[in-house]
Number of protein chains: 2
Amino acid sequence: MINSTISLEIIKGIAIPSPSKIVLLVIDGLGGLPDPETGKTELETANIPNLDRLATKGICGVTDPVSPGITPGSAPGHLALFGYDPVAFNIGRGVLEAIGIDFDLQPGDVAARGNFCTVDENGLVTDRRAGRVSNEKCTELSQLLDGQLIDNVRVLVCPVREHRFVAVFRGEGLVPEVSDSDPLLIGVAPKSIAALSPEASRLASVANKFVAQAKVVLAEHYPANMVLLRGFSRHPHLPSMSEIYKLKPAAIASYPMYRGLAKLVGMEVLKTGTTIEDEFMTLKQSYPNYDFFFLHIKGADNAGEDGDFHRRVGIFEQIDSTIPGLTSLEPDVIVVTGDHSTPAMLKGHSWHPVPILLYSKWCRPDRVGEFSELACTSGGLGRFPATQVMLLAMANALKLIKFGA
Amino acid sequence: MINSTISLEIIKGIAIPSPSKIVLLVIDGLGGLPDPETGKTELETANIPNLDRLATKGICGVTDPVSPGITPGSAPGHLALFGYDPVAFNIGRGVLEAIGIDFDLQPGDVAARGNFCTVDENGLVTDRRAGRVSNEKCTELSQLLDGQLIDNVRVLVCPVREHRFVAVFRGEGLVPEVSDSDPLLIGVAPKSIAALSPEASRLASVANKFVAQAKVVLAEHYPANMVLLRGFSRHPHLPSMSEIYKLKPAAIASYPMYRGLAKLVGMEVLKTGTTIEDEFMTLKQSYPNYDFFFLHIKGADNAGEDGDFHRRVGIFEQIDSTIPGLTSLEPDVIVVTGDHSTPAMLKGHSWHPVPILLYSKWCRPDRVGEFSELACTSGGLGRFPATQVMLLAMANALKLIKFGA
């Protein structure tokens, strides 16, 4: 191989602690697509003088979170920004669901994503989502299943939303290499959970007993008279950001999923409120205590998923108004970017590259004079993998020594 | 490693069938070099208003087929465009020659590239190409060698052009790990073909007997009084494009080499004529029956190899005039690119990156207003490996679901 790839081990070897501070502001679903009427994206439509000023003083570009053409989920999008290969560190569905509800996974726990579903008198699935039961019903049914002890394994069942729940298996010797019971189809029976390695037979056996028991407990709860499980997985071991980067990192995020992802990479998760202003206030208050801040703002992604172009514009403008508060803290490095694009036009995550701006005293400014998809495309950072964002932030914070003599 | 690599397995996991249609128009040898007089490349000299319009509405960039600095052959150039790593899937010389003459290779066949050559009375090679015998002579001599049965192996010999032929060994238990007989030098004897693995000894033995027999048959045919063989290889197994991308792909190409490469990746090869207009007519007629079309246009590469700048300009203009017929079909995604550059100035393939334009409803247009090397270099797709072209096409056709949760 003649192409260089920088491993986390290499970064460990050149990262040094220093007093300089980095703020990574992640605007979830930042990238958009033009409104056919105006030819302008949400970001291009928004009046964001402070971000434009920062783009002018800084250097800009666009990132590919996973790869050109690949639409990332939230986990790969964030892991990439934290510098972890999102393909190598692909996190299981069960763990993600658990993280998403702030469940405190212990080492050894195996989590599975569960659906309440409907089966007919022959045991065949007729609705994989049990008619999307209410959140209240989900909570009630989860409590019925919660806390069973099967062969010395405690099964913890927590409601997520509608038909969704998390089942966490806690006990000795549980290995998550088991198949799903969810057939992902209707008209067939739930599948038996099979061990995919000999070590996994204990979990398979416990999980099948849990499902059988659930069928009995739920018998009278039509349409939610059965469960489907998938994505059995264990809390992955990721080297922590302090090991790799020698940072003391903190996360400020109002949604549990992002707090969970930050915890996975060893950030300290700070208590904060639900608004953008709350999050910036938390940043200000805790600013002396850490040297890296991951600040996550969710709203623009939700607005994109709802197809609400104008709400996205408004959120960008609201974020812009908080930027003077951020710059007044004088961080050595400010990075503003997103974990993926969520164009209102597509009502969902998309593969489009994500604008990024990096400001530091050492950034070598380019000609970009505004923060937008189009302007960033011709920025000095070019188009690059999001996994390199941390390297750039660290370099600009003068926290990386020379590689090689 | 902090950079992600997307494997074909990952793509398989996120590709979904859908009614949307992709047209991949490959202009062989598309990229060029400026005429020193005008400072403009062939493409920049050509009057191509329709391609310029498509570039304006779409997003542009440049690709590296194999790597910056690497001049690709036709096979790597095309495999990359189909999304296959051209280094991992390197196709043997013998198989490529067979494909190039439309030879219908069977599973188990081993193909070798052959040269008629000249040896002196001591058996030493004096001319590796036998004075470049005529095509007629090549056909006549090939027929003399064709069809022998050696140890239950049938040896099929087909003329290619001038001194070139293909020898296909058909029989049980043939393993292609054998050395070449072609010494690639003059003044030495042809080498004995050696088995490079124990399983390959049967093929080595048969091939040596074939060479010995050829020497006898050709004894009176000076200067073509001997043969040299190289590049023993078997039809490689490539996962098909329908397996990977869930597409129903069709190929439209007037040259056998490209039809063969398309067949290798599981495309259905459509019958077509020899002109650009024939190919576009075939596209139109078969348009309802497939969801992916590889349309290959050869002329600009030949003109480049001939060093004929103006013929290249004319071919680009001719292609341009067919573009309205293409856009009137309203494919969901149109990609126009090349498999490599063939600048007239260099009279051959070159390493220069290749312009690409992608048009779809979801492409996020850039500022590029014309289809040229210079304009594409500042396009929104940036500079990227050609192996990512299919991912982008698939994403823009909304045929890829989210990666990771």
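Before any of the text, the structure's been laid out above.
This structure is a prediction, so every number in the text was calculated from the model and none was measured. (Residues numbered from 1 in each chain as written. Chains lettered and ligands numbered in written order. Predicted model: local features only at pLDDT ≥ 70, side-chain atom pairs only at ≥ 80, totals over all residues. Heavy atoms only, no water.)

Visitor: Any details on the sheet that holds strand β11 (residues 292-297) of chain A? Residues and values, ideally.
Guide: Residues and elements named next belong to chain A. A sheet is described by the order of its strands in space; here eight strands give the open sequence β10-β9-β11-β1-β12-β13-β2-β14, paired in mixed fashion. This sheet does not close on itself; its edge strands, each paired only once, are β10 (268-269) and β14 (382-385). Sheet analysis places strand β9 (residues 249-253) next to β10, joined by two bridges and oriented parallel. Bridge assignment links Ala250 to a residue of β10, and that residue is Glu268. Strand contacts of helix α4 (residues 74-81): β1 (22-27), β11 and β12 (333-337), with the helix running at about 160 degrees to β1, the strand carrying the most contacts. (Pairing = 2+ DSSP bridges. Helix = DSSP H or I, 4+ residues; strand = E, 2+ residues; numbered from the N terminus. Contact = heavy atoms within 4.5 Å. Axes fitted to C-alpha atoms, helices over the stretch in contact; angles between N-to-C directions.)

Visitor: Describe the interface of chain B and chain A, naming the residues involved and giving the relevant values.
Guide: At the junction of the two partners, chain B supplies 28 residues and chain A supplies 43 residues. Buried surface at the junction of chain B and chain A, summed over both partners, amounts to about 3,100 Å²; 63% is from carbon and sulfur atoms. The tally of links from chain B across to chain A stands at zero salt bridges. Counting across the chain B and chain A interface gives eight residue pairs in polar contact (both at pLDDT 80 or more). At the level of secondary structure, the elements contributing two or more residues to the side of chain B that touches chain A comprise α1 (8-14) and α14 (389-396) of chain B. Among the elements that make up the side of chain B that touches chain A, the one with the highest residue count is α14(B) (four residues). Partitioned by chemical class, the residues of the side of chain B that touches chain A number 16 nonpolar, eight polar and four charged. (Buried area = accessible area lost by both parts, 1.4 Å probe. Salt bridge = Lys/Arg side-chain N within 4 Å of Asp/Glu carboxyl O. Polar contact = N/O pair within 3.5 Å; in protein donor to acceptor, adjacent residues only side chain to side chain. Nonpolar A, V, L, I, M, F, W, Y, C, P; charged D, E, K, R; others polar.)

Visitor: How would you explain the sheet that holds strand β10 (residues 268-269) of chain B if you had to name every residue and give the values?
Guide: Residues and elements named next belong to chain B. Across the sheet, which stays open at both edges, the eight strands sit in the order β10-β9-β11-β1-β12-β13-β2-β14 with mixed pairing between neighbours. Looking at which strands have only one partner, the edges of the open sheet turn out to be β10 and β14 (382-385). In this fold α14 packs onto β1 (22-27), β2 (59-64), β11 (292-297), β12 (333-337), β13 (354-360) and β14, with an angle of close to 15 degrees to the strand it touches most, β13.

Visitor: Could you give an account of helix α5 (residues 93-100) of chain A, naming the residues involved and the relevant values?
Guide: Residue and element names in this part refer to chain A. Burial analysis of α5 places six of its eight residues in the buried class, which makes it a mostly covered element. Along α5, the residues that are buried comprise Gly94, Val95, Leu96, Glu97, Ala98 and Ile99. In this fold, the buried residues of α5 make contact with α4, β3 (110-119), β6 (153-161), β7 (164-170), β8 (226-234) and α9 (256-264). Two residues or fewer past α5, Asp102 is found with a positive phi of approximately 65 degrees. (Buried < 20%, exposed > 50% of the residue type's maximum accessible area, 1.4 Å probe, protein only.)

Visitor: Explain the relation of the copies chain B and chain A residue by residue, including any values.
Guide: Rotating chain B by 123 degrees and moving it 0.5 Å along the rotation axis overlays it on chain A with an RMSD of 0.2 Å. What we have between these two chains is a three-fold relation. In this assembly the copies use different faces: only 14% of the residues contributing to the interface of chain B also contribute to that of chain A. (Least-squares fit on C-alpha atoms with pLDDT ≥ 70 in both.)

Visitor: Quick rundown of the packing of aromatic side chains? Include the residues and the values.
Guide: Inspection of every chain in the model, using the stated rule, returns 16 aromatic pairs over all chains. Here the aromatic rings of A:Phe116 and A:Phe165 are separated by 4.7 Å at their centres, their planes lie at 45 degrees, and the arrangement is tilted. Of this pair, A:Phe116 sits in strand β3 while A:Phe165 is found in strand β7, placing the two residues 49 residues apart along the sequence. Pair check on accessibility: A:Phe116 and A:Phe165 agree, each one buried. The ring of A:Tyr359 is capped by A:Lys57, whose NZ or CZ atom sits 4.8 Å from the centre of that ring. One Lys or Arg, B:Lys21, reaches over the ring of B:Tyr287 and ends 4.9 Å from the middle of that ring. (Phe/Tyr/Trp six-rings, centres within 6.5 Å; stacked < 30°, edge-to-face > 60°. Lys NZ or Arg CZ within 6 Å of the ring centre and 35° of its normal.)

Visitor: Describe the side chain of A:His340, and please don't skip the residues or the numbers.
Guide: Residues and elements named next belong to chain A. Mapped onto the elements of the fold, His340 is located in the loop between β12 and β13 (354-360). Given the relative accessible area of 0%, His340 is considered buried. Excluding anything up to four places from it in sequence, His340 contacts Asp28, Gly29, Leu30, Gly31, Pro65, Pro72, Gly73, Asp301, His349, Ser350 and Val354.

Visitor: Would you mind going over the environment of B:His349 in detail, with residue names and values included?
Guide: Residues and elements named next belong to chain B. Looking at the element boundaries, His349 is found in the loop between β12 and β13. On a C-alpha basis, the gap between His349 and Lys402 in space is 38 Å, while along the polypeptide they are 53 residues apart. Among residues more than four places away in sequence, those in contact with His349 are Thr71, Pro72, Gly73, Ser74, Asp301, Glu305, His340, Ser341 and Thr342. A distance of 2.8 Å separates the side chain of His349 from the backbone oxygen of Pro72, its partner in a polar contact. At 3.3 Å, the side chain of His349 and the side chain of His340 are in polar contact.

Visitor: I'd love a proper account of the pairing of β1(A), names of residues and values included.
Guide: Residues and elements named next belong to chain A. The buried count for β1 comes to six of six residues, which makes it a mostly enclosed element. Of the two faces of β1, the one holding Ile22, Leu24 and Val26 and the one holding Val23, Leu25 and Ile27 are both buried throughout. In this sheet, β11 lies alongside β1 in parallel orientation, the contact comprising six bridges. When the sheet's bridge partners are listed, Val26 is paired in β11 with His296. In this sheet, β12 lies alongside β1 in parallel orientation, the contact comprising five bridges. Residue pairing for β12: Val26 is matched across the bridge by Thr337.

Visitor: Help me get a handle on the environment of B:Leu400, residues and values and all.
Guide: Topologically, B:Leu400 is positioned in the segment after α14. Residue class for B:Leu400 comes out buried when judged on its relative accessible area of 12%. Note: C-alpha distance between B:Leu400 and B:Leu346 (54 residues apart in sequence) is 39 Å. Residues contacting B:Leu400, with those up to four places away along its chain left out, are A:Gly69, B:Ile11, B:Ile14, B:Ala15, B:Ile16, B:Leu391, B:Met394 and B:Ala395.

Visitor: Mind laying out the nonpolar core, listing which residues take part and the relevant values?
Guide: Among the nonpolar cores identified, the biggest contains 67 residues, and B:Phe82, B:Tyr84, B:Met241, B:Met267, B:Phe292 and B:Phe294 are the most heavily contacted of them. Examining the composition of this core, we find that seven residues originate from one element, α14(B), more than from any other. If near-sequence neighbours (up to four positions away) are discounted, B:Phe294 is found in contact with B:Leu24, B:Val26, B:His78, B:Phe82, B:Ala250, B:Ala251, B:Ile252, B:Tyr258, B:Ala262 and B:Met267. Core analysis: the second largest hydrophobic core is formed by 56 residues, A:Val26, A:Phe103, A:Val166 and A:Met257 among them. (Core = buried A, V, L, I, M, F, W, Y, C linked by side-chain atoms within 4.5 Å.)

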